[in-house]
Each structure stands twice: as structure tokens, then as C-alpha cells.
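Structure at a glance
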Amino acid sequence: MDSDTYIVLAILVFILVSLLAYVLSVILYGEKKNERVERQGGSLLLSKRLMHFGIWVLTPVVGGLYRCSVFPNTVTTSSIFFAALSGFCISVGALGFASLFAILAGVTDVLDGMLARKIGKTDNSGIVYDSLVDRYVDFFLLAGCTVFFRESILSLLLCLLALHGSFMISYTTAKAEAMVLDIPRGAMKRTERYVYLLVGLMLTVFPVTWPKFLGLAMSPLFVAIFLIAVLANWSAVIRFRALFLKAKCS
């Protein structure tokens, strides 16, 4: 096995051990539900229970950052750095390292908000900065996938569609919030897209002969990109339609 495979195996072992610890904690002390997760809700592809698990894992890290007097914007900025490293690793085929850096980018993206709420510094400037960084993180990861799949026109187009769908979902959300309109959240919210892309990255590392369709290897990363491209754009269309109709009636 190469270094990429060892990295992914270590990540999977950590997730499994953390999941077992979480289940034991729920059995002994009950499930502690996060208000933000309950308010935003889960989806068909990413349940609230999994999101509660992620918050539970990161809570001790937030406590450590708080004791070290780390600023939320510093954590937010580090997300761009890790995403850029992940995108580069994807582009050169180092998917194990890409998975590790993608996890760090995703973790820091969640940590900044949790830390800001813990220290009571949730102002509009931080929200705007976090939103800006999120767009760059999305771009770096999907741009890396675009370069990785550059030899296949269809795969490359799917990567571009996934990038477009990701941005359109974010745009419709921001537009609805600015107009104070409630629209369907749909599938492939940012956390959902991130998890599926990460799973695709990690599983593609393993030396398996993937089945082919139209000459394309159906690797987990390709499947993840396909799902994001289709479902994100479909969700964006549904959001735009709801936004248009509500704006027309208001």
C-alpha cells in the first residue's frame, strides 16, 4: 500500500473510533442535540444525527482553541490554506493527502462559527468573511477535480457543472436571505456536498478496478462529482423557481 492508502485508512479508523465513542456517550448520557443543527435540519443524504456526531467530535477542539485565545477569523483563514493544498493534491492525484487537507479545511470551516459563538463574537463582518472563504474553498476543491479529470471531456464538464451548482445554491440562499423570503433548502447543501466529495476522494484511493460506463471509470470520486453536478443544479432550479414566485407575489 502507498502513503495515500495509509492516510485514508488512518482517517477511517479515527472516524470509526470516534463513532463508537459517540454511541457509547449517547447510551450513557443521552444525545446532546445542537440547536443550530436542529434549526437548519438535515436532508435525505445527510441526517441530523450525523451532523450532531460531527459537532460532538469538534466540541473539545473548540474548547482548546478558546483556551489558547485563537480568533475565529484566524481559523476561517486557515480553511483557505488547507483547501488550496487539497485542491493541488487532487490535481496531481495524491488523493490521500487531498482527503486529509480537505478534512482540515472542512473542520476549520465549522470550527470558526462554533468558536465565534462560544466567545460571543458573531458579528456581520465575520459572517461575510466566512461566506467569502467558503466560496474559495469550494472553488479550490472542485478546480482540483477539474484538473484531475482533464483527460475526459465529460468528466471535466461534470466538474464545471458541480462548481456552477455549488455557487448557484449559495447565491439563491443569499438572495432569499436578503429579500427575507423562505425558500426550499433542497438537496446538496454545502455540508452535504462537502461530505460526498470527501467520501469520493477517500474511497477512490483504494486500488480497485472500477466498472466503466461510456468508457469512464465509475470511481467514487466520479460518482460524487456526478451527484453534486446533477442534484446541486436541480436544487438550484427549485430554489430559483420558489424565489421567483415568492418575489413576484410580494
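In what follows, the structure referred to is the one given above.
Heads up: these notes are all about the structure in this document. Here the residue index of a chain counts from 1 through its sequence in written order. Reporting in this predicted model follows two pLDDT cut-offs: at least 70 for local features of residues, and 80 or more for side-chain atom pairs to be given and counted; totals over whole chains, interfaces and linings ignore these cut-offs and use all residues. Side-chain measures were taken over the full set of non-hydrogen atoms in the model, leaving aside hydrogen atoms and water.

Next up on the list: the pattern of salt bridges. Pairs may arise between side chains of opposite charge once their charged atoms sit close together. Salt bridge criterion: a side-chain nitrogen from Lys or Arg within 4 Å of a carboxyl oxygen from Asp or Glu. The final tally for this structure, using the stated rule, is five salt bridges. For aspartate 109, the salt bridge goes to arginine 190, with nearest N and O atoms at 2.6 Å. With aspartate 109 in helix H5 (residues 95–119) and arginine 190 in helix H8 (residues 190–204), the pair connects residues that are 81 residues apart, well separated along the chain. Residue burial is assigned from relative accessible area. The probe radius is 1.4 Å, only protein chains are included, and a residue is buried under 20% of its type maximum, exposed over 50%, and partly exposed in between. By relative accessible area, which is 15% here, aspartate 109 ends up buried. Where arginine 193 meets aspartate 138, a salt bridge forms, and the shortest distance between an N and an O atom there is 3.5 Å. In DSSP terms, a helix is any run of H or I states spanning at least four residues, a strand is any run of E spanning at least two, and both are numbered starting from the N terminus.

A separate point is the packing of aromatic side chains. Put simply, two rings from Phe, Tyr or Trp (the six-membered ring, in Trp's case) pair if the centres are within 6.5 Å, and we call them stacked under 30 degrees between planes, edge-to-face over 60, tilted for the rest. Per the stated rule, a full pass over the model turns up eight aromatic pairs. Ring centres of phenylalanine 148 and phenylalanine 149 lie 5.0 Å apart, and the angle between their planes is 80 degrees; on these two criteria the pair is classed as edge-to-face.

Right, let's get into unusual backbone geometry. Despite not being glycine, serine 69 has its phi angle at roughly 60 degrees, a positive value. In this structure, serine 69 sits in the loop between helix H3 (48–67) and helix H4 (72–91). Residue class for serine 69 comes out exposed when judged on its relative accessible area of 56%.

A word on the nonpolar core. In this structure, Ile90, Leu141, Cys145, Leu197, Leu221 and Ile225 are the most contacted members of the largest nonpolar core, which totals 39 residues. Among the elements that take part in this core, helix H9 (residues 220–249) stands out by supplying seven residues, more than any other. Every residue in contact with cysteine 145, bar those within four places of it in the chain, is listed here: Ile90, Cys159, Leu197, Leu221 and Ile225. Val37, Met51, Val62 and Val75 belong to the second-largest nonpolar core, a separate cluster that totals 11 residues. Residue types Ala, Val, Leu, Ile, Met, Phe, Trp, Tyr and Cys, when buried and joined through side-chain atoms within 4.5 Å, form a set referred to as a nonpolar core. Any two residues whose heavy atoms approach within 4.5 Å are treated as being in contact.

Let's shift gears to the state of the cysteines. For the purposes of this analysis, a disulfide is any pair of cysteine sulfur atoms at a distance within 2.5 Å. For the coordinates displayed, the defined rule picks out zero disulfides. Note on cysteine 89: no disulfide assigned, nearest cysteine sulfur contributed by cysteine 145 at a separation of 12 Å.

With that out of the way, let us pick up the packing of H5 against helix H6 (residues 124–148). Taken N-terminus to C-terminus, the directions of H5 and H6 make an angle of 165 degrees; their axes are 11 Å apart at the nearest point. Put simply, H5 runs roughly antiparallel to H6. Between H5 and H6 lies a crossing whose hand is left-handed. Of the residues in H6, those in contact with Leu95, Ala102, Asp109 and Asp112 of H5 are Asp130, Asp134, Leu141 and Phe148. Helix axes use the C-alpha atoms of the stretch in contact, all axes being lines fitted to C-alpha atoms, and the angles between their N-to-C directions lie in the range 0 to 180 degrees. Should an angle lie under 35 degrees it is considered roughly parallel, over 145 roughly antiparallel, and from 65 to 115 roughly perpendicular; all remaining angles are considered oblique. Helix crossings fall into two classes, left-handed where the near helix is turned counterclockwise from the far one by less than a right angle and right-handed where it is turned clockwise.

The next point concerns the side chain of aspartate 138. Here aspartate 138 is to be found in helix H6. Judged by relative accessible area, aspartate 138 falls into the buried class, the value being 7%. Throughout this description, a polar contact denotes any pair of N or O atoms lying within 3.5 Å of each other; where both atoms belong to protein, one of them has to be capable of donating a hydrogen while the other can accept it, and for residues adjacent in sequence the pair is counted only when both atoms sit in side chains. Within the structure, the side chain of aspartate 138 is placed 3.2 Å from the side chain of arginine 190, a separation counted as a polar contact. In this structure, aspartate 138 is in contact with Leu163, Phe167, Arg190 and Arg193, ignoring residues within four places of it in sequence.

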